[in-house]
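# Working through the structure, step by step
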Amino acid sequence: MVRWHWVVGVVAAAMIAGCDTDANAPVDAALPRGESLGELRQQAREALARYDQAVIEAGGAGAVTPTPPPWNSPPGIAIESATTTGAGTQLTVDFTGAFGPATRGCGADYHAESVESANAVVVIVIAQHHNSGEVCTLAGFRRTATLNLAQPLGRRPVLEIRQGQPVPLTLR
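So, here is what we can say about the structure in this document. (Residues numbered from 1 in each chain as written. Predicted model: local features only at pLDDT ≥ 70, side-chain atom pairs only at ≥ 80, totals over all residues. Heavy atoms only, no water.)

## Quick look at the nonpolar core
Stated precisely, the cut-off is as follows: Definition of nonpolar core: a set of buried residues of the types Ala, Val, Leu, Ile, Met, Phe, Trp, Tyr and Cys, connected through side-chain atoms within 4.5 Å. Only protein chains enter the accessibility calculation, which uses a 1.4 Å probe. A residue is then buried if its area is under 20% of the maximum for its type, exposed if over 50%, and partly exposed in between. Under the scheme used here, helices are H or I runs from DSSP no shorter than 4 residues and strands are E runs no shorter than 2 residues, and both carry numbers assigned from the N terminus. Here, two residues are considered to be in contact whenever any of their heavy atoms come within 4.5 Å of each other.
Ranked by internal contacts, the top residues of the largest apolar core, which has 20 residues, are Leu91, Val93, Tyr110, Val123, Val125 and Val158. For this core, the secondary-structure elements that each account for two or more residues are strand E1 (79–84), strand E2 (90–97), strand E3 (108–116), strand E4 (121–129) and strand E5 (141–148). If we skip the residues at most four places from it in the chain, Val125 touches Ile77, Ile79, Val93, Phe95, Tyr110, His111 and Ala112. Counting residues in each nonpolar core, the second largest holds 16 residues, with Leu40, Leu48, Val64 and Val122 among its members.

Put into structure tokens, the structure is as follows:
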């Protein structure tokens, strides 16, 4: 009987220590704790909801200023600007990231996806780092990621994920 309690204790300790049984672990493994893709998508949906509410409150006309999120330091990589073509279905975003690709030390590869509403588009930038155990400088470098939108951008603003605020948009 004493041995059984010991086995239960060891199993419980292993589970508490973080044995990962999440089916999404390969996708989310590249993201720091608290920044899973699911969490970032939820954060983007909340930013869109705040923007959509601001549009309703403004009566659908004029400049819209959404309320920032209630938390101090939300996760995610904030985009600084966006560029699109006349068709508006492809979007390239600029942000600060690692110096080089993930094949190099302290590097990272980036890709982006969008969460869209009829009123705005939020861009999520996802980083896949070279090695999470590396010691790297905190210097940031200009990086870009390109994504395809589900619908042409039209007059919708592009919002960054951290504060849900519009970023400068350039048409090419």
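Now that the structure has been shown, the text picks up again.
## Considering the environment of Thr146
Put simply, the rule reads: Under the rule applied, a polar contact is a pair of N or O atoms within 3.5 Å (in protein, one hydrogen donor and one hydrogen acceptor; residues adjacent in sequence only if both atoms are side-chain atoms).
Mapped onto the elements of the fold, Thr146 is located in strand E5. Taking C-alpha positions, Thr146 is 6.6 Å from Ala112, a pair spaced 34 residues apart along the chain. Once you skip the residues sitting within four places of it in the chain, Thr146 turns out to touch Gln90, Leu91 and Thr92. One polar contact links Thr146 to Thr92, side chain to side chain, over a distance of 3.0 Å.

## A word on the side chain of Arg143
Our working definition: All tallies of charge rest on Lys and Arg as positive and Asp and Glu as negative; His and the ends of each chain are not included. One speaks of a salt bridge when a side-chain nitrogen belonging to Lys or Arg is within 4 Å of a carboxyl oxygen belonging to Asp or Glu.
With respect to the helices and strands, the residue Arg143 is situated in strand E5. It is Asp109 that comes nearest to the buried, bridge-free Arg143 among opposite-charge side chains, at 4.9 Å. Here Gly100 takes part through its backbone oxygen, which lies 3.1 Å from a polar atom of the side chain of Arg143. Of the polar contacts made by the side chain of Arg143, one reaches the backbone oxygen of Ala108; its length is 3.2 Å. For Arg143, the contacting residues outside a window of four places in its chain are Val93, Asp94, Phe95, Gly97, Ala98, Phe99, Gly100, Pro101, Ala108 and Tyr110.

## Description of the state of the cysteines
Put simply, the test is: What counts as a disulfide here is a pair of cysteine sulfur atoms lying within 2.5 Å.
Enumeration over the complete set of coordinates arrives at one disulfide. Cys106 shares a disulfide with Cys136; S-S distance 2.0 Å. Of note, the bridge from Cys106 to Cys136 carries an S-S torsion of about -90° and is left-handed in sense. Note that Cys106 is positioned in the loop between E2 and E3 and Cys136 in the loop between E4 and E5, a separation of 30 residues in sequence. Look at Cys106 and you get partly exposed, because its relative accessible area is 31%.

## Overview of the sheet that holds E1
What counts, and what does not: When DSSP finds two or more bridges between two strands, those strands count as paired. Axis geometry follows a simple rule: fit a line to the C-alpha atoms, using only the stretch in contact for helices, then measure angles between N-to-C directions, giving values from 0 to 180 degrees.
Judged by pairing direction, the sheet is mixed, and its four strands sit side by side in the order E5-E2-E1-E7 without closing on themselves. What marks the edges here is a single partner per strand, and that holds for E5 and strand E7 (169–171). Neighbour-to-neighbour, the strand axes of this sheet turn through a mean angle of 25°, independent of strand direction. Examined bridge by bridge, E2 and E5 share eight bridges and lie antiparallel to one another. Bridge pairing in E5 links Asp94 to Thr144.

## As for the pairing of E2
Successive side chains on a regular strand alternate, one facing one side of the sheet and the next facing the other. Sheet topology note: the E1/E2 ladder contains five bridges and is antiparallel. Among the inter-strand pairings, Thr83 is bridged to a residue of E2, identified as Thr92. Here E1 folds back onto E2 in antiparallel fashion, the turn holding five residues, of which Gly88 has a positive phi close to 75°.

## Some remarks on the pattern of salt bridges
According to the stated counting rule, one finds three salt bridges in the structure shown. Here Asp94 and Arg142 are joined by a salt bridge, their closest N and O atoms 2.9 Å apart. Separated by 48 residues along the polypeptide, Asp94 in strand E2 and Arg142 in strand E5 bring together distant segments of the chain. By relative accessible area, Asp94 is classed as buried at 8%.

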